[in-house]
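Each chain, written out:
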Amino acid sequence: MALTFDDGPDPRTTPLVLDRLDQLSLHATFFCLGQQVASHPEMVSEIRHRGHQVETHGFRHEHHFLRTPRWVRADLDSAIDALDHVGIHPRWFRPPFGQTTGATMVEARRHNLRLVLWSAWGREWDESDSISVARRVRAGVGPGGIVLLHDADVQSPPGSSRRATEALGAIAEDLHRQGLTARTLDELVELSR
């Protein structure tokens, strides 16, 4: 299964997620917002240095349903440029809020990006504790699954990423019990071939 994180990087919270992933020997894919990449390029380098995959989540976390095709194009162009500046050429795009419009698909194709959503998510902003986050993930994870968590509170209420980080231990135990391994998205796709 693939463990994924959205909305970062954030120098206040992403290092805590990275440390916990290291402690648990988990690998993940980080869907980074271009505005965060532009503000914290050193964090993107740190994510890669720790053996994780970096992909794009657009430049700004805006609803595509409310935006014009021209806006979607400019946003994704800016996101790609931000990652190019740190030497990353993304292959995957997770649109904000999981919203996929015709413009989203056209622009992803123009950049040779594959769209990806998730099969299980922690909804950290909606839960009061990490146990509830882990329980939500457990209910939706299985072989070939994609888990969505957040490494930053940029788009979520304060404390959301902390609950995700604290849930990782229980998530790792659940994966072990099911005989699953957390992989990057590219590794998961390669294994399924």
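Refer to the structure printed above.
The rules we used
Residues numbered from 1 in each chain as written. Predicted model: local features only at pLDDT ≥ 70, side-chain atom pairs only at ≥ 80, totals over all residues. Heavy atoms only, no water. Phe/Tyr/Trp six-rings, centres within 6.5 Å; stacked < 30°, edge-to-face > 60°. Helix = DSSP H or I, 4+ residues; strand = E, 2+ residues; numbered from the N terminus. Buried < 20%, exposed > 50% of the residue type's maximum accessible area, 1.4 Å probe, protein only. Lys NZ or Arg CZ within 6 Å of the ring centre and 35° of its normal. Salt bridge = Lys/Arg side-chain N within 4 Å of Asp/Glu carboxyl O. Arc of directions from axis to C-beta. Contact = heavy atoms within 4.5 Å. Pairing = 2+ DSSP bridges. Right-handed = clockwise from strand over helix to strand, strands pointing away.

Peer 1: Sorry if this is basic, but what is going on with the packing of aromatic side chains here?
Peer 2: The description of an aromatic ring pair uses the distance of the two centres, along with the angle that the planes make with each other. By the definition in use, this model includes three aromatic pairs. Both rings, one in Phe5 and one in Phe30, keep their centres 5.1 Å apart while their planes meet at 20°; by these two values the pair is stacked. Remark: Phe30 occurs in strand S2 (residues 28-32) and Phe5 occurs in strand S1 (residues 2-6); sequence separation between them is 25 residues. Given the relative accessible area of 0%, Phe5 is considered buried. On the accessibility criterion, Phe30 (0% relative accessible area) is buried. Judged by centre distance (5.3 Å) and plane angle (35°), the ring pair of Trp118 and Trp121 falls under tilted. Of the residues examined, Trp118 reaches a relative accessible area of 25% and is grouped as partly exposed. Connected via pairs of aromatic rings, a cluster forms that spans Trp118, Trp121 and Trp125. Here Arg67 stacks its cationic end above the ring of Trp71, 4.8 Å away from the centre of that ring. Taking NZ or CZ as reference, Arg94 lies 4.4 Å from the ring centre of Phe31, over its face.

Peer 1: Would you take a moment to explain the pattern of salt bridges for this structure?
Peer 2: Where side chains of opposite charge bring their charged atoms close, a pairing between them can arise. Counting across every chain of the model gives 16 salt bridges. Across the pair Asp6 and Arg94 runs a salt bridge, and its minimum N-O distance is 2.7 Å. With a gap of 88 residues between them, Asp6 in strand S1 and Arg94 in the loop between strand S4 (92-93) and helix H5 (102-110) connect regions that are remote in the sequence. The two residues Asp6 and Arg94 agree in class, both being buried.

Peer 1: Hey, could you run me through helix H3 (residues 41-49) in this one?
Peer 2: Structural remark: α-helix, 3.6 residues per turn; residues separated by three or four positions point the same way. Taken together, the buried positions of H3 are occupied by Met43, Val44 and Ile47. End-on view of H3: buried residues confined to an arc of 105°, all on one side of the axis. In this fold, the buried residues of H3 make contact with helix H1 (14-24), S2, helix H2 (34-39) and strand S3 (53-56). One or two residues past the end of H3 sits Gly51, with phi positive at roughly 90°.

Peer 1: Would you take a moment to explain the pairing of strand S7 (residues 146-150) for this structure?
Peer 2: Two faces, one strand: in a regular strand the side chains alternate between the faces of the sheet. Extensive coverage of S7 is indicated by the burial of five of its five residues. Side chains of S7 alternate between two faces, with Ile146, Leu148 and His150 and Val147 and Leu149 buried alike. Relative to S7, S1 runs parallel, the two sharing five bridges. Opposite Phe5, over in S7, you have Leu149 as the bridge partner. After leaving strand S6 (residues 120-121), the chain enters helix H6 (residues 130-140) and then returns to the sheet as S7, a path that is right-handed.

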